[in-house]
Amino acid sequence: GPRFVWVWERFKWIATDLNLYGEGNNLDAAAYTNIVSNRMYGVHAGFGQEWYLGHGFTAQVDLQAALFMNIVKERAKYEFNEVKNATPISKRSKTVYTIVPEIQPTVGMAWYPVEGIEFRVNYDVMMFFNTISSPNPVNFSWGGLDPTYTSTFRILDGFNAGVALVF
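Residues numbered from 1 in each chain as written. Predicted model: local features only at pLDDT ≥ 70, side-chain atom pairs only at ≥ 80, totals over all residues. Heavy atoms only, no water.

Caption draft 1: Expanded view of the sheet that holds strand 6 (residues 150-165). The sheet built from six strands is open, its strands ordered 1-2-3-4-5-6 with antiparallel pairing. Either end of the sheet is taken by a strand with one partner, and the two such strands are strand 1 (2-16) and strand 6. For this sheet, the mean inter-axis angle between neighbouring strands, taken without regard to orientation, is 20 degrees. Note that strand 4 (residues 90-111) and strand 5 (residues 117-133) share eight bridges and pair antiparallel. For Val107, the partnering residue across the bridge sits in strand 5 and is Tyr123. (Pairing = 2+ DSSP bridges. Helix = DSSP H or I, 4+ residues; strand = E, 2+ residues; numbered from the N terminus. Axes fitted to C-alpha atoms, helices over the stretch in contact; angles between N-to-C directions.)

Structure, rendered in structure tokens:
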């Protein structure tokens, strides 16, 4: 079926000009931002297997795979911190398209104490290949604003647990 995943990263750095006494205010501050937005549209399919262990307990393994069209928006900008869109502004914006494969294995246990009640605990891993990130987000060139963007392998993992009441 269809699937949508959005990975959004923002780096913000604020520099403030201080006077002799170490004081400054927001009117004397400038901000640098670097935003990378990976919007992935695609399809996925998968299969699962469940083994009955006895006394209402089961072991489960699921494997899903997906293929995404990734629309990446890369944005970097220098601007005054308090006064938005005031001059001078130095900015760079670019849209890049990539193909991102994903693999998602899940392992878990379930317990069915009585009919219609289920307790479940799973460990889930999502692995994305070829997403875009900015590992060195700061570019110190006002006139030639061009931070580094690279292809990145990402792993998102975690546990989930739940109770189902079926009636």
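Caption draft 2: Up close: the nonpolar core. In this structure, Tyr32, Val36, Val72, Ala76, Tyr78, Val96, Ile132, Leu145 and Tyr149 together form the largest nonpolar core, which totals nine residues. Put simply, the parts of the chain that give this core at least two residues each are strand 2 (29-54) and strand 3 (57-80). Apart from the residues lying within four places of it in its own chain, the contact partners of Tyr149 are Asn34, Val36, Glu74, Arg75, Ala76, Arg92, Ile132, Ser133 and Ser134. (Core = buried A, V, L, I, M, F, W, Y, C linked by side-chain atoms within 4.5 Å. Buried < 20%, exposed > 50% of the residue type's maximum accessible area, 1.4 Å probe, protein only. Contact = heavy atoms within 4.5 Å.)

Caption draft 3: Region of the structure containing the packing of aromatic side chains. This model, assessed by the stated rule, comprises 10 aromatic pairs. Between Trp13 and Phe140 the ring centres are 5.7 Å apart and the planes differ by 85 degrees, which places this aromatic pair in the edge-to-face class. Here Trp13, found in strand 1, pairs with Phe140, found in the loop between strand 5 and strand 6; they are 127 residues apart in sequence, far enough to count as distant. Their ring planes at 50 degrees and their centres at 4.7 Å tell us that Tyr32 and Tyr78 sit as a pair that is tilted. A residue pair is termed long-range when its members are at least 10 positions apart, and Tyr32 in strand 2 and Tyr78 in strand 3 qualify at 46 residues. (Phe/Tyr/Trp six-rings, centres within 6.5 Å; stacked < 30°, edge-to-face > 60°.)

Caption draft 4: Quick peek at the pairing of strand 4. Where strand 3 lies against strand 4, 22 bridges are found, and the strand directions are antiparallel. Opposite Ile71, over in strand 4, you have Tyr97 as the bridge partner. In textbook terms, the turn of a hairpin is the stretch between consecutive antiparallel strands, and for strand 4 and strand 5 this stretch comprises five residues, one of which, Gly116, has a positive phi near 95 degrees.

Caption draft 5: Spatial organisation of the confidence of the model for the protein. Mean pLDDT over the protein: 91, with 95% of residues reaching 70 or higher. Of all the helices and strands in the protein, strand 1 carries the lowest mean pLDDT, 92, while strand 5 carries the highest, 97. (pLDDT = per-residue confidence, 0-100.)

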